[in-house]
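Listed here are the chains, written in short residue letters.
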Amino acid sequence: MTTYTDLNTPLRTIMTPGPVEVDPRVLRAMSTPIVGQFDPAFTHIMNEVMEMLRHLFETKNKWAFPIDGTSRSGIEALLCSVIEPGDKVLVPIFGRFGHLLTEICERYGAEVHTMECRWGEVFDQEDVIKEIKRIQPKITAIVHGETSTGCMQPLDQIGKACRDQDVLLIVDAVASTGGTPVKVDEWYIDGIVAGTQKCLSVPSGMAPLTYNDRIEKVVHARKKVERGISTEEDRINEQTNNHPTIKSNYFDISMLQDYWGPRRLNHHTEATSMLYALREGLRIVIEEGLENRFTRHKYHEKALIAGLEAMGLSLFGNRECKLPTVTCVSIPNGVDPESVRRMLLQQFGIEIASSFGPLQGKIWRIGSMGYSCRKENILFVLGALEAVLIRHGVDINIGKGLQAALEVYINQPATALVTQ
Ligand SMILES: *Cc1c(COP(=O)(O)O)cnc(C)c1O
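Residues numbered from 1 in each chain as written. Predicted model: local features only at pLDDT ≥ 70, side-chain atom pairs only at ≥ 80, totals over all residues. Heavy atoms only, no water.

Another aspect to go through is the overall build of the chain. Helices and strands together make up the secondary structure of the chain, namely 14 helices and 13 strands. Computed over C-alpha atoms, the radius of gyration of the chain comes to 22 Å, within 12% of the 22 Å expected from 2.2 N^0.38 for 420 residues, which places it in the range of a compact globule. Principal axes of the C-alpha set define a box for the chain whose edges measure 75 × 55 × 55 Å. A separation threshold of at least 6 residues defines the contact pool for the chain, and within that pool the share at least 24 residues apart is 71%. If you sum the accessible surface of the chain, you get close to 18,500 Å²; carbon and sulfur atoms cover 51% of it. Positive and negative charge centroids in the chain, built from 45 and 52 side chains respectively, lie 1 Å apart. (Helix = DSSP H or I, 4+ residues; strand = E, 2+ residues; numbered from the N terminus. Rg over C-alpha atoms; globule rule 2.2 N^0.38 Å. Contact = heavy atoms within 4.5 Å. Areas by Shrake-Rupley, 256 points an atom, 1.4 Å probe, with all protein chains shown as cover. Lys, Arg positive; Asp, Glu negative; His and termini not counted. Charge placed at Lys NZ, Arg CZ, Asp CG, Glu CD.)

Pasting the structure below:
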């Protein structure tokens, strides 16, 4: 019989758009002993996390809690709870994750209308608003920070237009929340999902979300009106007047509300250790302060870009809509992109990301998210990338990259910006 060794993972410097390095404080919190899911000690933690999530999302919404599952589970929960077969949904697509939104909407029977722009660009908000007025969807579903292209879609005017037109706006802010401003109430966002393994530096496995009473009303009306199966609870209580047709038990947000809210009706068993992790991740965000955190992400992004450009590399995508937490680098001609990534990993223990679809083989993506977004990592990735590119025979400006980043770090010290 094979003997299996203790877990012994290499220490990595993770500069991808997720999963990123987990803050050691979060790892420690995860080894906290388990308590039962209805133990007051635990329901207190659940309430704290809801309050902390409202702070993260800058919202006064009543409902803010995590779905147990990776980020897409939160997206699916919101969409499947709201979409009824035949509902019109508008999905403006500017990268890979717009296609994910489309697919989920289609699976739940929506009539999906898409609009697309070139990868590396975002939409003029006016164009989206025109399309909303023309199609008159029940829902507009859109990505905020597109990890696949490193672009960020402005949403403030789209949100206002959706509210004026009585359209629900549901947003995938998985890659942006906690790294750059996401103002749920100010931008009139009705439902939104964040990511743990991105800018919160918590492991993958939970999807924090929030939604307002407009969404709650739609879900509530569905439960009342439609005929279909009865819930577990109805069956146990022999009440059959409630016939939800939300086609998922796990993702039915009305049932999740009854679990997270004061009724505390049993649904799933909350993922105890992940909730400890999320709580600690959010506590770190609150201690640092949202504004300081956003400034820190911009600051290290600036040093990274300065270094890459001084090296002679060029960035992919329109800079005016760049997502501060993901930097896309055009791969120099004639280089084997996977060989570069492999050498970075094998020789330096650094991971950067490749890319999808039309950008495959054309760009590398460097994440600077959460705990991974710090000076030593930026300098390390710049130095290592230079060394690896030299070994691959790429003609770069030797010695310039690190100097340019140091210029930022030495001449504009972070202490003035970050009060951590
Ligand atoms: C990472 C990511 C997702 C998917 O997250 P999972 O945790 O892998 O389910 C969705 N949307 C965006 C924008 C992302 O960056």
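Don't stop here, the text continues.
Looking now at the nonpolar core. Ranked by internal contacts, the top residues of the largest apolar core, which has 88 residues, are F65 and L79. Built from parts of two domains, this core gets at least three residues from each of domain 1 (22-284) and domain 2 (290-411). I305, V335, V340 and V408 belong to the second-largest nonpolar core, a separate cluster that totals 30 residues. (Core = buried A, V, L, I, M, F, W, Y, C linked by side-chain atoms within 4.5 Å. Buried < 20%, exposed > 50% of the residue type's maximum accessible area, 1.4 Å probe, protein only. Domains from an automatic or database assignment.)

With respect to the secondary-structure elements, S273 resides in helix 10 (residues 272-288). Here the alpha-carbon distance between S273 and D166, two residues 107 residues apart in the chain, equals 39 Å. Setting aside chain neighbours within four positions, we find S273 in contact with M30 and I34.

Attention shifts here to the packing of helix 5 (residues 125-135) against helix 6 (residues 156-164). Closest axis-to-axis distance for the helix 5/helix 6 pair is 9 Å, and the angle between their directions is 20 degrees. Judged by the angle between their axes, helix 5 and helix 6 are roughly parallel. In terms of crossing hand, the pair formed by helix 5 and helix 6 is right-handed. Between helix 5, through Q125, E126, V128, I129 and I132, and helix 6, the contact on the second element is made entirely by D156, Q157, I158, A161 and C162. (Axes fitted to C-alpha atoms, helices over the stretch in contact; angles between N-to-C directions. Parallel < 35°, antiparallel > 145°, perpendicular 65-115°, else oblique. Left-handed = near helix turned anticlockwise from the far one by under 90°.)

Next up on the list: the state of the cysteines. Applying the stated rule across the entire model yields 0 disulfides. The thiol of C328 is not disulfide-bonded; the next cysteine sulfur, from C151, is found 7.1 Å away. Here C373 stays free of any disulfide, with the sulfur of C199 as its closest cysteine sulfur at 8.3 Å. (Disulfide = S-S within 2.5 Å.)

Before going further, it helps to examine the site of the ligand. Near the ligand the following residues occur: T70, S71, R72, F97, G145, T147, D172, V174, A175, Q197 and K198. In the environment of the ligand, an oxygen atom lies 2.9 Å from a nitrogen or oxygen atom belonging to the backbone of R72. Notes on the ligand: free accessible area 380 Å², of which the protein chains cover 90%. When atoms are counted within 2 Å of each cavity's grid points, the one that captures over half of the ligand is the second largest pocket. Here the residues of the shell around the ligand sort into 3 nonpolar, 5 polar and 3 charged. (Near = heavy atom within 4 Å. Polar contact = N/O pair within 3.5 Å; in protein donor to acceptor, adjacent residues only side chain to side chain. 1 Å grid on protein atoms, 1.4 Å probe; cavity = no way out; pocket = protein on both sides within 12 Å on 5 of 7 lines; lining within 4 Å. Sits in = over half its atoms within 2 Å of the grid points. Nonpolar A, V, L, I, M, F, W, Y, C, P; charged D, E, K, R; others polar.)

Our next topic: unusual backbone geometry. Cis peptide bonds are those with omega within 30 degrees of zero, and the linkage from G18 to P19 qualifies with 0 degrees. Among the structural elements, P19 can be located in the loop between strand 1 (13-14) and helix 1 (24-29). Unlike most non-glycine residues, R264 shows phi in positive territory, near 50 degrees.

Scanning the entire structure with this criterion turns up 24 salt bridges. The partner of E21 in a salt bridge is R374, and the shortest N-O contact between them spans 3.0 Å. On the criterion of sequence distance, the pair formed by E21 in the loop between strand 1 and helix 1 and R374 in the loop between strand 13 (363-367) and helix 13 (375-391) is long-range, its members being 353 residues apart. Given the relative accessible area of 10%, E21 is considered buried. A salt bridge links K130 to D127; the shortest N-O distance between them is 3.9 Å. Separated by 3 residues within a single helix, K130 and D127 lie in helix 5, roughly one turn from each other. Among the charged side chains, a network of salt bridges with common partners joins R25, E280, R283 and E287. (Salt bridge = Lys/Arg side-chain N within 4 Å of Asp/Glu carboxyl O.)

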